[in-house]
Amino acid sequence: MPQIAGAPEQQPSPGYQLRVVQEVLLALLAGEASHGYQLRARLQVALGPLAEVLNPGHVYVTLTRLEKAGLVRAERVGQADRPDRKVYELTADGLDRVDEWLRDTSWPKPAPAEFHMKLVAAAAAGLGDPVRIVDAQRHALLAGLAQAQRTALAEPEGSVAGLLLEGVVLRLQADLRWLEACAQYWTSMKGKMR
Amino acid sequence: MTTGSLSYVGPVLRARGLEKHYGHGGGAVRALQAVDLEVATGETVAVMGPSGCGKSTLLHLLGGLEQPSAGEVWLAGTRIDGLGEKALAQLRRHALGFVFQAFHLMDELTAVENVELPALLAGRPPRTARLRAEELLDQVGLIERSQHLPSALSGGERQRVAIARALSNDPSVVLADEPTGNLDSAATRDVLRLLDRLRVAGQTLVVITHDARIAATADRLVSMRDGAFVEETRLTHGTTGPLGALAGLEH
């Protein structure tokens, strides 16, 4: 789930996408000009099993958008036995955008405030037992942890995608530790309210 | 132990209406209240809950280490609550494997001698017991440590020896109580890899743990509060699911 409190589903689309797919593609092009399929292959190496959930068409759609915005330049390259292919190259504006992205320290994260307010409101209104809400949330996160951990264990030693999965595991552990603190607090409040 | 367990099909471990009270009258503590649990053959179940929620008591009752105040415990088709001490000892030796937080290895025995001990006590021929012990030490990645005394092993290595020992008699069920409670994060990682392999290999296992990563190795997770089950979740679904969102990908 995107947020710890389980944000409502956004409009459905086939597969997942990187939040900053434009910047990621631009950054991948900063090293060398590439075909769309080369970019997809590099995403697949970096994301490992997570690349399977990506919408494959999104790379091409995004490249077209970037071209229109003047951030990349496309050149048609003829092939003997197949239709022409486009090779994409970063423009000066595109490079500026990459620099900006690399320096940006904003950190997308599940904000605890929403879940916290859920517990406060549930307790105040007598709508539900906050401890039970915490238990349900904990199980949802543990199911995610189980999936991330199994996927990580299946990765070969030294896999770069394994590093990403380790990040998922560590963040879930931190969230679970906070839920533990929530459970303790609301358990102690129950004792006081009796 | 009564026989008939070989032909038994169904949950290998079953608890019904389990209760455990300590003390009497107004000061009585109800450690466990009306707990029902079924564990299928080959299933791994993790039990989580705060200190004092009754999870250790549950494990003790399941393993015949304590008697319930009410309710039934069935292991491979045999009702084990109410069995005499001798029958219970026999049962623990043949059908159960235990893993404890504090390892409980014999200090004066080498790793391989610790692992083969349950098989020897159960009357297996020494040669068979030794070969099986070596095979198990190999599986837990400690074959080159087989002649070491526990004092020469790290905490993580000791626990892996203890897990190998728990498997020595090919038990129907392994019961583990906080297996990583005394371990650092690197050793915990080794144990969780091992537990994941046991799950894949189809070893029936009930593990009590505070550690989210250990709990996440199980097929099923149960949470306890105040002596009762409050939440239950199957952790092995398909391979797709929330992982993309957890990694920060968007729909």
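Note that this is a predicted model, so its numbers are computed, not measured.

### Points about the overall build of chain A
Counting secondary structure elements, chain A contains 7 helices and 4 strands. Along chain A, from the amino end to the carboxyl end, the secondary structure elements read β-α-β-α-α-β-β-α-α-α-α. For chain A, buried positions account for 31% of its 194 residues. Contacts in chain A between residues far apart in sequence, at least 24 positions, make up 63% of those at least 6 positions apart.

### Side note on unusual backbone geometry
Residue and element names in this part refer to chain B. Of note, the phi angle at F103 is positive, near 70°, even though the residue is not glycine. On the neighbour-count criterion, F103 (21 C-beta atoms within 10 Å) is buried. The backbone phi angle of D170 is positive, close to 45°, even though this residue is not glycine. As for its placement among the helices and strands, D170 is situated in the loop between helix 5 (155-166) and strand 7 (173-177).

### Things to note about the sheet that holds strand 8 (residues 205-208) of chain B
Residues and elements named next belong to chain B. Spatially, 6 strands are ordered 6-7-8-3-9-10 in an open sheet, and the strand pairing comes out mixed. Of all the strands in the sheet, just strand 6 (96-99) and strand 10 (228-234) have a single pairing partner and so form its edges. Within the sheet, the average angular offset between the axes of one strand and its neighbour, ignoring direction, is 15°. Where strand 6 meets strand 7, 4 bridges bridge the pair, whose relative direction is parallel. Residue L96 lies in a different strand from strand 7, and its bridge partner there is V173. Contacts from helix 1 (residues 55-62) reach strand 3 (44-48), strand 7, strand 8 and strand 9 (220-225), with the element oriented near 150° to strand 8.

### A closer look at the sheet that holds strand 4 (residues 85-90) of chain A
All names here are of chain A. Reading across the sheet, the 3 strands line up as 2-4-3 and stay open at both edges, with antiparallel pairing between neighbours. This sheet does not close on itself; its edge strands, each paired only once, are strand 2 (34-35) and strand 3 (72-77). Bridging between strand 2 and strand 4 involves 2 bridges; their strand directions are antiparallel. Paired with S34 across the strands is Y88, a residue of strand 4. Each of strand 2, strand 3 and strand 4 touches helix 1 (residues 21-31); the most contacted strand, strand 4, lies at about 90° to it.

### Points about the domain arrangement of chain A
Residue and element names in this part refer to chain A. Here chain A is described as being made up of domain 1 (21-103) and domain 2 (112-193). Its C-alpha centre places domain 1 at a distance of 36 Å from the equivalent point of domain 2. Taken residue by residue, the interface counts 6 residues in domain 1 and 6 residues in domain 2. Class assignment of the residues belonging to the side of domain 1 that touches domain 2 gives a composition of 5 nonpolar, 1 polar and no charged.

### Details of the packing of helix 2 (residues 36-47) of chain A against helix 3 (residues 58-68) of chain A
Residue and element names in this part refer to chain A. Helix 3 packs onto helix 2 with a crossing angle of 125° between their chain directions and a minimal axis gap of 10 Å. One element, helix 2, and the other, helix 3, form an angle in the oblique class. Of the two possible hands of crossing, helix 2 and helix 3 adopt the one that is right-handed. Counting all contacts with helix 2, which are made through G36, L39 and R40, the residues of helix 3 involved are V59, Y60 and L63. Looking at side-chain class alone, the contact of helix 2 with helix 3 contains 4 nonpolar, 1 polar and 1 charged residues.

### A short note on the interface of chain A and chain B
With 31 residues of chain A at the contact, the number on the chain B side is 24 residues. Looking at the side of chain A that touches chain B, the elements that each hand over two or more residues are strand 1 (17-18), helix 6 (130-154) and helix 7 (160-193) of chain A. Among the elements that take part in the side of chain A that touches chain B, helix 6 of chain A stands out by supplying 14 residues, more than any other. Residues belonging to the side of chain A that touches chain B are distributed by class as follows: 19 nonpolar, 9 polar and 3 charged.

### Considerations on the environment of T78 of chain B
Within the secondary structure, T78 of chain B sits in strand 5 (residues 78-79). When the 17 C-beta atoms within 10 Å are taken as the criterion, T78 of chain B is described as partly exposed.

### A word on the nonpolar core
Within soluble globular proteins, side chains that are nonpolar generally end up buried alongside one another. Ranked by internal contacts, the top residues of the largest apolar core, which has 111 residues, are L142 of chain A together with V206 of chain B. It is helix 7 of chain A that contributes the most residues to this core, 10 residues altogether. Taken together, domain 1 (21-103) and domain 2 (112-193) of chain A each give at least three residues to this core, which thus spans both. The contacts of L142 of chain A, once residues within four sequence positions are left out, are A212, A215, A216, L221, T233 and L235 of chain B.

Rules used in this analysis
Residues numbered from 1 in each chain as written. Chains lettered and ligands numbered in written order. Predicted model: local features only at pLDDT ≥ 70, side-chain atom pairs only at ≥ 80, totals over all residues. Helix = DSSP H or I, 4+ residues; strand = E, 2+ residues; numbered from the N terminus. Buried ≥ 20, exposed ≤ 12 C-beta atoms within 10 Å, placed from the backbone. Contact = placed C-beta atoms within 7 Å. Pairing = 2+ DSSP bridges. Axes fitted to C-alpha atoms, helices over the stretch in contact; angles between N-to-C directions. Domains from an automatic or database assignment. Nonpolar A, V, L, I, M, F, W, Y, C, P; charged D, E, K, R; others polar. Parallel < 35°, antiparallel > 145°, perpendicular 65-115°, else oblique. Left-handed = near helix turned anticlockwise from the far one by under 90°. Core = buried A, V, L, I, M, F, W, Y, C linked by C-beta atoms within 7 Å.

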